[in-house]
Amino acid sequence: VLALRAERAMLLGYDSFADYKLETEMARTPDAVRQLLMQVWEPALSQAQTDSVKLTAMLHSDGVNGELEPWDWRYYSQKRRMAEHDLDEAELKPYFQLNAMIEAAFDCANRLFGLEFQPLDLPLYHADARAWEVTRGGQHVAVFIGDYFARGSKRSGAWCSAMRSQKKLGGDTTPIVVNICNFAKGDPALLSYDDARTLFHEFGHALHQMLSNVTYGSISGTSVARDFVELPSQLFEHWLEVPEVLEKHARHAETGQPMPRALLDRLLAAQTYDMGFQTVEYVASALVDLEFHAQEEAPVDPMETQAETLEGLGMPRAIGMRHATPHFAHVFSGDGYSSGYYSYMWSEVMDADAFAAFTEAGGPFDPETAKRLETFILSAGGSQEADQLYTAFRGRMPGVGALLKGRGLDAAA
């Protein structure tokens, strides 16, 4: 696969496949990607090394000699998390009912963009799927379908699709958008906090589709650069962390009581826990992906290239890549994320910086900032270059400061 990609790039006149693939992305060049990732790598590695010392001490206190291994990290990290943040998933889940989290996402969309959601009684492709008409000021905007439960005929993961994309060419066509998830059924259906974050993430993609306002379907909604497409989805996750949203919608399934403030504070404080580990495992995968494709000739032995790249980075022995090469589906199941796995981090730099715009303006529901977000990001699709759209929204390009602060890595920078 790597050899064929390198040959394609050569035939098209590029120095490497990464140069070819990134030309149309916001990053433009492999050097720009590498520079961004290394700005995040250094503080993340520093934090991971600090955490490694603490986990190694826990390992030794259990009478186990030797160095911390990858299989030790998660075990002792979970014990440390329980000790420091006292969070129990079983205690949290009753506060995250699926229906309540759907309403939370709708409520945020209403407060930000004036959207309203009314259930539709329609024959859909599966009994689990539900539909809503999306309106604003009494005008039809879109149809939104939610298909939230796992079943045998559905592949794993979560994603957003448009059964019909918005366009104006040939008539005003409104979108039909579907969010697919794989949550466990229940009565009521309860989510983990990560599940709730996934719901908000995919709904951010749905907003990008539903609020699209362009002429041509080929540039509608999420038809944007790969390293820009995750901005709306990752940005919308931030509203799940807004205390007033959780206080209103995170209510106990049996008692109906809001989440106790002490539990809410512990939950929010725990969001940056073990972020050194999480960032290192991700950035390592992104840098290995980049090195696979940034060479003029494909590596003869990809596993050797992986090992050399990780050694050069100073990868801790107790942390593995999030996606080791033999099962790196993002990169090898198709061309979608080849040379592009970095795009989640690129988008996170933007989403942290974009949410900071709300904070600077006075709050997470500031109407003027929300209007700019819709005008220059959510409605614009691929009508302009991504850097132009972001600069129009924010007044400048983003820096990594907000991301490092949001991940709790600013002290290690």
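Quick note: structure is the one above.
Report follows, based on the coordinates. (Residues numbered from 1 in each chain as written. Predicted model: local features only at pLDDT ≥ 70, side-chain atom pairs only at ≥ 80, totals over all residues. Heavy atoms only, no water.)

**Some words on the packing of helix H8 (residues 226-237) against helix H15 (residues 367-378)**
Right, on to step 1. Where H8 contacts H15, the axes come no closer than 12 Å and their chain directions differ by 155°. Viewed along their axes, H8 and H15 adopt a mutual orientation that is roughly antiparallel. Here H8 runs over H15; the crossing is left-handed. Here H8 contributes Phe228, Leu231, Pro232 and Leu235 to the contact with H15, which in turn contributes Leu373, Ile377 and Leu378. (Axes fitted to C-alpha atoms, helices over the stretch in contact; angles between N-to-C directions. Helix = DSSP H or I, 4+ residues; strand = E, 2+ residues; numbered from the N terminus. Parallel < 35°, antiparallel > 145°, perpendicular 65-115°, else oblique. Left-handed = near helix turned anticlockwise from the far one by under 90°. Contact = heavy atoms within 4.5 Å.)

**Some details on empty space enclosed by the protein**
Right, on to step 1. Following the criterion strictly, the structure yields three cavities of 30 Å³ or more and no others.
Right, on to step 2. Estimates place the volume of the largest cavity at around 50 Å³.
Right, on to step 3. At the level of secondary structure, the elements contributing two or more residues to the lining of the largest cavity comprise helix H2 (17-22) and H8.
Right, on to step 4. Residues of the lining of the largest cavity, tallied by class, amount to two nonpolar, five polar and four charged. (1 Å grid on protein atoms, 1.4 Å probe; cavity = no way out; pocket = protein on both sides within 12 Å on 5 of 7 lines; lining within 4 Å. Points joined across faces, edges and corners; volume = space filled by probe spheres on them. Nonpolar A, V, L, I, M, F, W, Y, C, P; charged D, E, K, R; others polar.)

**Thoughts on the layout of surface pockets**
Any empty space left between the atoms is revealed when a probe the size of a water molecule rolls over them.
Right, on to step 1. Taken as a whole, the second largest pocket holds about 310 Å³ of empty space.
Right, on to step 2. Along the walls of the second largest pocket sit 17 residues, with Arg136, Val141, Met210, Ser212 and Asn213 positioned nearest its centre.
Right, on to step 3. Secondary structure elements with two or more residues in the lining of the second largest pocket: strand E3 (139-149) and H15.
Right, on to step 4. Of the residues that constitute the lining of the second largest pocket, the class distribution is four nonpolar, eight polar and five charged.

**Examining the pairing of strand E2 (residues 130-136)**
Right, on to step 1. Strand direction decides the pairing type here: strand E1 (residues 116-120) and E2, joined by five bridges, are antiparallel. Within E2, the position partnered with leucine 120 by the bridge is alanine 131.
Right, on to step 2. In the sheet, E2 pairs with E3 via seven bridges, with the strands oriented antiparallel. The residue bridging valine 134 from the neighbouring strand is alanine 142, located in E3. (Pairing = 2+ DSSP bridges.)

**Some words on a negative patch on the surface**
Right, on to step 1. Residues Asp86, Asp88, Glu89 and Asp194 make up a contiguous surface patch of negative charge.
Right, on to step 2. Relative to the helices and strands, glutamate 89 is located in helix H5 (residues 89-92).
Right, on to step 3. Under the relative-accessibility criterion, glutamate 89 is labelled partly exposed at 35%. (Patch = residues over 30% accessible without salt bridge, like charges linked within 9 Å, V, L, I, M, F, W, Y side chains within 5 Å. Areas by Shrake-Rupley, 256 points an atom, 1.4 Å probe, with all protein chains shown as cover. Salt bridge = Lys/Arg side-chain N within 4 Å of Asp/Glu carboxyl O. Lys, Arg positive; Asp, Glu negative; His and termini not counted. Charge placed at Lys NZ, Arg CZ, Asp CG, Glu CD. Buried < 20%, exposed > 50% of the residue type's maximum accessible area, 1.4 Å probe, protein only.)

**Digging into the packing of H8 against helix H14 (residues 343-361)**
Right, on to step 1. Two numbers describe how H8 lies on H14: the axes approach to 7 Å, and their chain directions differ by 45°. If you check the angle between H8 and H14, you find them oblique. Pair H8 / H14 crosses with right-handed handedness. For the pair H8 and H14, the contacting residues are Arg226, Asp227, Phe228, Glu230, Leu231, Gln234 and Leu235 in the first and Ser343, Tyr344, Trp346, Ser347, Glu348, Met350, Asp351, Ala354 and Phe355 in the second.
Right, on to step 2. Across the contact of H8 with H14, the residue classes break down as eight nonpolar, three polar and five charged.

**Details of the packing of aromatic side chains**
Think of a pair of aromatic rings as described by two things: how far the centres are apart, and how the planes are tilted against each other in angle.
Right, on to step 1. One pass over the full model with this rule turns up 26 aromatic pairs.
Right, on to step 2. Ring plane angle 85° and centroid distance 5.9 Å describe the contact between tyrosine 342 and tryptophan 346, whose orientation is recorded as edge-to-face.
Right, on to step 3. The class of tyrosine 342 is buried, set by a relative accessible area of 2%.
Right, on to step 4. Accessibility expressed as a relative area gives 13% for tryptophan 346, which makes it buried.
Right, on to step 5. What links up through ring pairs into an aromatic cluster is the set Phe106, Phe117, Trp132, Phe144, Phe200, Phe203, Phe236, Trp239, Phe355 and Phe358. (Phe/Tyr/Trp six-rings, centres within 6.5 Å; stacked < 30°, edge-to-face > 60°.)

**Focus: the environment of arginine 164**
Right, on to step 1. You can see arginine 164 is positioned in strand E4 (residues 159-164).
Right, on to step 2. Each C-alpha atom of the pair arginine 164 and proline 175 lies 5.0 Å from the other, and the pair is eleven residues apart in sequence.
Right, on to step 3. At a separation of 2.8 Å, a polar atom in the side chain of arginine 164 contacts the main-chain carbonyl oxygen of threonine 174. (Polar contact = N/O pair within 3.5 Å; in protein donor to acceptor, adjacent residues only side chain to side chain.)

**So, the sheet that holds E2**
Right, on to step 1. In space, the five strands of this open sheet follow the order E1-E2-E3-E5-E4, with mixed pairing throughout. With one partner strand each, in any of the chains shown, E1 and E4 form the two edges of the open sheet. Adjacent strand axes in the sheet meet at a mean angle of 30° when their direction is disregarded.
Right, on to step 2. For E4 and strand E5 (residues 176-183), the ladder comprises five bridges, and the chain directions are antiparallel. In the strand pairing of E5, arginine 164 is matched with isoleucine 176.
Right, on to step 3. Running over the sheet, helix H6 (residues 98-113) touches E1, E2, E3 and E5 and is turned about 15° from E2.
Right, on to step 4. Together, E1, E2, E3, E4 and E5 form the strand contacts of helix H7 (residues 193-210), whose direction differs from that of E5 by roughly 170°.

**Examining a nonpolar patch on the surface**
Right, on to step 1. Together, Met10, Leu11 and Leu12 make up a nonpolar patch on the protein surface, roughly 350 Å² of accessible area in all.
Right, on to step 2. Residue placement: methionine 10 occurs in helix H1 (residues 2-11).

**Remarks on the nonpolar core**
Right, on to step 1. Ranked by internal contacts, the top residues of the largest apolar core, which has 118 residues, are Phe96, Leu199, Phe203, Met210, Phe228 and Trp239.
Right, on to step 2. For this core, the element with the most residues is H6, which contributes eleven residues.
Right, on to step 3. The residues touching leucine 199, leaving out its near neighbours within four places in the chain, are Leu98, Met101, Ile102, Ala105, Tyr148, Phe183 and Leu191.
Right, on to step 4. Among the nonpolar cores identified, the runner-up in size contains six residues, and Ala129, Ile145, Val178 and Ile180 belong to it. (Core = buried A, V, L, I, M, F, W, Y, C linked by side-chain atoms within 4.5 Å.)

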